[in-house]
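As a plain string of letters, each chain reads:
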There are 2 protein chains.
Amino acid sequence: MMDSPLLITSLIERAENYFPNKEIISRTQKYMHRLTYKELGGRVRALAHALEELGIQKGDRVGTFAWNHHRHLEAYFAVPSIGAILHTINIRLSAEQLTYIINHAEDKVILVDEELLPAIESIFHQLDTVETIIVMTDEERVPASTLPSVLHYEQFLEDGDTTFVFKKDMEEKEAAELCYTSGTTGKPKGVVYSHRGLVLHAMALSLADTSAVSEEDVSMPVVPMFHANAWGMPHAATWMGAKQVLPGPFPTPEILARLIETEKVTITAGVPTIWLVLLKELDKKTYQLDSLRGILCGGSAAPFGMIKAFEMKHNIPFFHAYGMTETTPLALFSKLKSSQKQLSEMDKLDIKSKQGMAVPGIEIKAINENGDIKRDGREMGELLVRGPWIADSYYKDDRSDDSFRDGWLYTGDVVTIDEEGFVKIVDRTKDLIKSGGEWISSVDLENALMAHEAVYEAAVVSVPHEKWQERPVACVVLKDDYRSIVGQQDLYAFLEAQFVKWWLPDDILFMDALPKTSVGKFLKTALREEVKKQLTKDF
Amino acid sequence: MMDSPLLITSLIERAENYFPNKEIISRTQKYMHRLTYKELGGRVRALAHALEELGIQKGDRVGTFAWNHHRHLEAYFAVPSIGAILHTINIRLSAEQLTYIINHAEDKVILVDEELLPAIESIFHQLDTVETIIVMTDEERVPASTLPSVLHYEQFLEDGDTTFVFKKDMEEKEAAELCYTSGTTGKPKGVVYSHRGLVLHAMALSLADTSAVSEEDVSMPVVPMFHANAWGMPHAATWMGAKQVLPGPFPTPEILARLIETEKVTITAGVPTIWLVLLKELDKKTYQLDSLRGILCGGSAAPFGMIKAFEMKHNIPFFHAYGMTETTPLALFSKLKSSQKQLSEMDKLDIKSKQGMAVPGIEIKAINENGDIKRDGREMGELLVRGPWIADSYYKDDRSDDSFRDGWLYTGDVVTIDEEGFVKIVDRTKDLIKSGGEWISSVDLENALMAHEAVYEAAVVSVPHEKWQERPVACVVLKDDYRSIVGQQDLYAFLEAQFVKWWLPDDILFMDALPKTSVGKFLKTALREEVKKQLTKDF
């Protein structure tokens, strides 16, 4: 067979070649920006050429600090096309974390949104390697800045050649992208993605039996492009020639619903918290969302009640997926087997609330102290993953050995696997509650609480206990309409019907909001502190 | 990223893991044989182990000489799993060709169907390397044979361990399979497929935007498993966990229609001649074929009239694909773009009768003496293909340099490419008719003739001409009911409405049948001889 490397540039080339007139639509704060794949291709080539002219060489890191929009998409293809590494920087990190990862990645250039420039300005004096800041803006002028000199993205592009020819003599295992995990503890850890990994991952997303990304789709990643490649949707959608909708800065639930309606979005992806606020919006106002053939949900477990609301109340198919920054991210996908389609609606929702099967190309297993767990839906073990788009180490980080052992990624997620092979995330290893030698799943309790009609959000954390070692405590945010109506007793009664007594939380605390990570996951470290404070106050 | 090789064994492992109870159904001459993926997996492992015990080592060639059935499928996975190379031998070759390819491949073992054993017996004394013959039979006894000793497949399997563990320490670029082209001239040429090529090819077949092979499918390859991996359908169907129907020995149109009906086949694949005879059968009898979501057709161009009959008369979606032994084979796939769905039925059929766009992962271009051809649907050039599942040479053959140059496979097919990028095969380079310095497409004339209601089959060949260098002559087989009704004048009148005068054939000869290659393509070399004979007789 030919020694044809799997390269990211082949994705954009196919879109230019076969779908030159399909559109990429970016929402800006002022208007909807539209460009075609033909135009996108020219701009990608110009950016690649201009970066080369600027002196960017193979292996150099080029950062992006940006929302989801077409310029970010251009960088997705242009930077790796010249052998450089695209470092997508999480815009929600603290100044300290930002400084750490930019210095750790040794970024030479940062492409930054005008709205986000102040965050870079405030830490610029601490950045060791950054030579050039290029501002992505819709305005014609270069924005005022405290920095000595910033370049204007559009002017920078004007110096590039729109007919620049992509290199073909690259190795597929060369690095293409770099993304840091949004860890809840410790310093962020970098994951390097190869061309090969990203191309195979895009193929996996486009299989009929997974998310089936197709030319017929209108793809809208709500998951940020700075977070694990926006789950590969920009790659897959470009390759297949799908229309793309990029929701731009500060997308509210109303903005998202309106975009789905007006641009006839068929497939969208994001974390549970996004869909929770979208559901709230759909309760308030009526939108025409029947173009949607699927919501992809991952990042953390989607509560049963939410899946039910989308599927049964709004008639929108909901697909649970699982992955992490280290897995590019798609590793598991939950789609009913043909044999399961005859089941009752409730049974089907039960299956859909699991994280699903390994996608073709990925291998998994789950182990505990007794070895591989039984596929009985009950025994718990840590999920291990391997495959061609799974990281094998963290970038220049001596913590790699904790997570990568014997050729497997140790995910830190505790799971069960049922008879059909469907994986269900039970907890993070470090969030499992060990009570009297037995394990209690905080996620099971959270999902049960969130299925109550009065509950908007719920998180369960462990508190130290003299006798039992650890005990669960629940933190609950009630929906506005229920705040004066529902109390602890109602929720206890609700839980008692579903759990053995020793699983019930020792306390249920009501809060106005729950602390979350930069990507919308519950921040359990902060929550534990908060709980400790409240419990101390109470006594 | 992890250095996880793409290996064929991962396909069967996934089916065992997630779809243990899905069935593979093989038609035998006596009954329908059914086994599950769980059973298949055990038998694959047993065969792999037994072959290793027999002394088969990495790189050894193991031949199959068989119809489409579950034992052939077992060999598909077992042989490459131990690093050996599966050589699928075309059962329709002449004794001379058979002897040549078995000696050229240096097969050590041949797995042969009982029905086909005589063909091997008759040449066995000329085979230099074959040490073991294993007969695949449904009978319990070893068949009588002129050979010194033959093994019984089922008894051979009994010695193998059904829990044999597949090796993971193989390189993905290692050879997995070997198949010889069914060339119409010269000795057959061998093509070696790597694990990587076959896995990527199976992924390409399973994309939503190509044939979308899925767990929900019931897949029936009519294309023989000895011919270019049965177009990869056994690989893709196994990987995705689809139910498979393998039509066994001597499948007639009636058998195929009955299998589609009773097993609810959703997707099937074969050459145009198969679908031509199936259409005839559907005219005779009524079958319930509404489970079919797609007929895949390739190998040679499907006539417009046939596509129209399937799509409009029988309401069966018809997909043109293009490939060759050298391309694993899927290279082009014809599926309407979303923008084309609003066109008239006739315009859509016109598009469907083209071979389509390069599938994701494959690059193409077409060149003539002026360089790359224009995408105007008119300029003709030779199609060039490259990508990770395209061969880069013929196996131990000094004719490689004719076909593989500058990193491209020169297909020998003359094509046009339209504004949308859809490729249309115009002719084989060697079948184009050069008349007075201009080119005439034999395929265009053939398709036009075959669209006439009276014509069953038509082929057009060139005959030497003193003044014009070459001129076309048509060879036509009329449908039985039209033999006494339709004559030359009717067909000339029909063609005159569609072509300029100098394209019209100098003669139209009526024949009882057209000579075909072992895979159902018109054998134009033989036809030219036949035409020469008839024309000389006439004058």
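Residues numbered from 1 in each chain as written. Chains lettered and ligands numbered in written order. Predicted model: local features only at pLDDT ≥ 70, side-chain atom pairs only at ≥ 80, totals over all residues. Heavy atoms only, no water.

Enquirer: What am I meant to see in the overall build of chain A here?
Expert: Counting its regular elements, chain A contains 16 helices and 27 strands. For a compact globule of 539 residues, the expected C-alpha radius of gyration is about 24 Å, and chain A comes in at 23 Å, within 12% of that figure. C-alpha atoms of chain A, sized along the principal axes, occupy 70 × 55 × 50 Å. When the 539 residues of chain A are sorted by exposure, 64% land in the buried category. Considering only residue pairs separated by 6 or more positions, chain A has 68% of its internal contacts joining residues 24 or more positions apart. Summed over its atoms, the accessible surface of chain A is roughly 20500 Å², and 49% of this surface lies on carbon and sulfur atoms. Across chain A, 59 positive and 80 negative side-chain charges occur, with their mean positions spaced 3 Å apart. (Helix = DSSP H or I, 4+ residues; strand = E, 2+ residues; numbered from the N terminus. Rg over C-alpha atoms; globule rule 2.2 N^0.38 Å. Buried < 20%, exposed > 50% of the residue type's maximum accessible area, 1.4 Å probe, protein only. Contact = heavy atoms within 4.5 Å. Areas by Shrake-Rupley, 256 points an atom, 1.4 Å probe, with all protein chains shown as cover. Lys, Arg positive; Asp, Glu negative; His and termini not counted. Charge placed at Lys NZ, Arg CZ, Asp CG, Glu CD.)

Enquirer: Please clarify how the sheet that holds strand β6 (residues 132–136) of chain A should be interpreted in this entry.
Expert: By definition, the strands of a sheet pair up through backbone hydrogen bonds, in either a parallel or an antiparallel sense. Residues and elements named next belong to chain A. The seven strands are arranged β7-β6-β5-β3-β4-β8-β9 in an open sheet whose pairing can be described as mixed. A strand with exactly one partner marks an edge of an open sheet, and here the two such strands are β7 (151–152) and β9 (190–194). In this structure, strand β5 (residues 107–113) lies alongside β6, joined through five bridges in parallel fashion. Across the sheet, residue Val112 finds its bridge partner in β6, namely Val135. Lying over the sheet, helix α3 (residues 70–81) contacts β3 (61–65), β4 (85–88), β5, β6 and β8 (175–180), oriented at roughly 145° with respect to β4. Taken strand by strand, helix α4 (residues 95–105) contacts β3, β4, β5 and β8, and its axis lies near 160° from that of β8. (Pairing = 2+ DSSP bridges. Axes fitted to C-alpha atoms, helices over the stretch in contact; angles between N-to-C directions.)

Enquirer: Explain unusual backbone geometry here, please?
Expert: Glycine aside, a negative phi is what most residues show, and trans is what most peptide bonds show. Residues and elements named next belong to chain A. Residue Thr328 is joined to Pro329 through a cis peptide bond whose omega torsion reads 10°. Examined against the element boundaries, Pro329 turns out to sit in the loop between β14 (318–323) and β15 (330–333). Not every positive phi belongs to a glycine, and Lys396 is a case in point at roughly 45°. Residue position: Lys396 is located in the loop between β19 (381–386) and α13 (400–403). Take Lys396: its relative accessible area is 54%, and that puts it in the exposed class.

Enquirer: How should I be thinking about the relation of the copies chain A and chain B in this particular structure?
Expert: Two copies of the chain are present, and they differ by a rotation about an axis and a shift along that axis. When chain A is brought onto chain B, the operation consists of a screw motion whose angular component is 180° and whose axial shift is 0.0 Å, with 0.1 Å RMSD remaining. Accordingly, the operation relating the two chain copies is best matched by a two-fold axis. (Least-squares fit on C-alpha atoms with pLDDT ≥ 70 in both.)

Enquirer: Any chance you could explain the domain arrangement of chain A here in plain terms?
Expert: Put simply, an interface is often sized by how much accessible area is lost when its parts join up. The domain architecture assigned to chain A consists of domain 1 (1–20 + 33–196) and domain 2 (431–538). For domain 1 of chain A and domain 2 of chain A, the distance between their C-alpha centroids amounts to 41 Å. (Domains from an automatic or database assignment.)

Enquirer: Mind showing me how you'd approach the environment of B:Arg61 here?
Expert: Residues and elements named next belong to chain B. Looking at the secondary structure, you find Arg61 in strand β3 (residues 61–65). Sequence-wise, Arg61 and Leu86 are 25 residues apart; in three dimensions their C-alpha atoms are separated by 6.0 Å. Apart from the residues within four sequence positions on either side, Arg61 is in contact with Ile85, Ala105, Glu106, Asp107, Lys108, Val109, Leu178, Tyr395 and Lys396. At a separation of 2.7 Å, a polar atom in the side chain of Arg61 contacts the main-chain carbonyl oxygen of Ala105. A distance of 3.4 Å separates polar atoms of two side chains, one belonging to Arg61 and the other to Tyr395. (Polar contact = N/O pair within 3.5 Å; in protein donor to acceptor, adjacent residues only side chain to side chain.)

Enquirer: Sorry if this is basic, but what is going on with the interface of chain A and chain B here?
Expert: Across the boundary between the two partners, chain A contributes 62 residues, which contact 61 residues of chain B. Summed over both partners, the interface of chain A with chain B comes to about 4500 Å²; 54% of that surface belongs to carbon and sulfur atoms. It is A:Met1, A:Met2 and A:Tyr18 that lose the most area in chain A upon contact with chain B, and together they represent 21% of the buried surface on that side. At the junction of chain A with chain B, the criterion picks out 10 salt bridges. Put simply, A:Lys341 and B:Glu216 hold a salt bridge, and the shortest N to O gap is 2.9 Å. Applying the counting criterion to the chain A and chain B interface returns 30 residue pairs in polar contact (both at pLDDT 80 or more). It is helix α7 (residues 195–205) of chain A that contributes the most residues to the side of chain A that touches chain B, five residues altogether. Partitioning the side of chain A that touches chain B into residue classes produces 31 nonpolar, 12 polar and 19 charged. (Buried area = accessible area lost by both parts, 1.4 Å probe. Salt bridge = Lys/Arg side-chain N within 4 Å of Asp/Glu carboxyl O. Nonpolar A, V, L, I, M, F, W, Y, C, P; charged D, E, K, R; others polar.)

Enquirer: It is not clear to me how the packing of aromatic side chains should be interpreted in this structure. Could you clarify?
Expert: Two numbers describe a pair of aromatic rings. These are the distance of the centres and the angle of the planes. The tally for this structure, following the rule as stated, stands at 14 aromatic pairs over all chains. Judged by centre distance (6.4 Å) and plane angle (65°), the rings of A:Tyr18 and A:Phe19 are edge-to-face. In this structure A:Phe19 comes out as buried when scored by relative accessible area, which is 5%. A cation sits over an aromatic face here: A:Lys337 above B:Phe19, 5.1 Å from the ring centre. Over the aromatic face of B:Tyr410 sits the side chain of B:Arg405, whose NZ or CZ is 3.8 Å from the ring centroid. (Phe/Tyr/Trp six-rings, centres within 6.5 Å; stacked < 30°, edge-to-face > 60°. Lys NZ or Arg CZ within 6 Å of the ring centre and 35° of its normal.)

Enquirer: Whenever I open this one, the pattern of salt bridges confuses me. Can you help?
Expert: Residue and element names in this part refer to chain A. For the structure shown, the criterion picks out 92 salt bridges over all chains. Note that Glu174 and Lys58 form a salt bridge whose closest N and O atoms lie 3.0 Å from each other. You can see Glu174 sitting in the loop between α6 (153–158) and β8 and its partner Lys58 sitting in the loop between α2 (37–54) and β3, a full 116 residues away along the chain. Looking at Glu174, the relative accessible area reads 15%, which means it is buried. The class for Lys58 is exposed, based on a relative accessible area of 58%. With a closest N to O distance of 2.8 Å, Asp431 and Arg528 form a salt bridge. Of the two residues, Asp431 is situated in the loop between β22 (423–428) and β23 (433–435) and Arg528 in helix α16 (residues 524–538); the sequence distance between them amounts to 97 residues. Since its relative accessible area comes to 11%, Asp431 is described here as buried. When salt bridges with common partners are traced through the structure, they connect Arg43, Arg71, Glu74, Asp138 and Glu154 into a single cluster.

Enquirer: Can you help me understand the sheet that holds strand β11 (residues 243–246) of chain B in this one?
Expert: Residues and elements named next belong to chain B. Taken in spatial order, the nine strands line up as β2-β1-β11-β10-β12-β13-β14-β15-β16 in an open sheet, and their pairing is mixed. With one partner strand each, in any of the chains shown, β2 (32–36) and β16 (357–358) form the two edges of the open sheet. Sheet topology places strand β15 (residues 332–333) next to β16; two bridges connect them, and they run antiparallel. Looking at the pairing, Phe333 lines up with Met357 of β16.

Enquirer: Please clarify how the pairing of β6(A) should be interpreted in this entry.
Expert: Look at any regular strand and the pattern is simple: side chains alternate between the two faces of the sheet. Residues and elements named next belong to chain A. Here β6 lies mainly inside the structure; five of its five residues are buried. The alternating pattern of β6 places Thr132, Ile134 and Met136 on one face and Ile133 and Val135 on the opposite face, and all of these are buried. The handedness of the β5 to β6 crossover, carried by helix α5 (residues 117–123), is right-handed. As paired elements, β6 and β7 share two bridges and run parallel to each other. Pairing of Val135 across the sheet is with His152, part of β7. (Right-handed = clockwise from strand over helix to strand, strands pointing away.)

Enquirer: Quick question: what am I supposed to make of the side chain of B:Asn447 here?
Expert: Here B:Asn447 shows up in helix α14 (residues 442–450). Contact partners of B:Asn447, with chain neighbours within four places excluded, come to B:Ala302 and B:Pro303.

Enquirer: Please clarify how the side chain of A:Thr137 should be interpreted in this entry.
Expert: Residue and element names in this part refer to chain A. Mapped onto the elements, Thr137 comes out in the loop between β6 and β7. Given the relative accessible area of 4%, Thr137 is considered buried. One polar contact links Thr137 to Glu114, side chain to side chain, over a distance of 2.5 Å. At a separation of 3.0 Å, a polar atom in the side chain of Thr137 contacts the main-chain amide nitrogen of Glu139. Residues within four places of Thr137 in sequence aside, it is in contact with Arg71, Glu114, His152 and Glu154.

Enquirer: Explanation requested: the pairing of β5(A) in the structure shown.
Expert: All names here are of chain A. With six of seven residues buried, β5 is to be regarded as a mostly interior element. With five bridges connecting them, β3 and β5 associate as parallel partners. Bridge assignment links Val62 to a residue of β5, and that residue is Val109.

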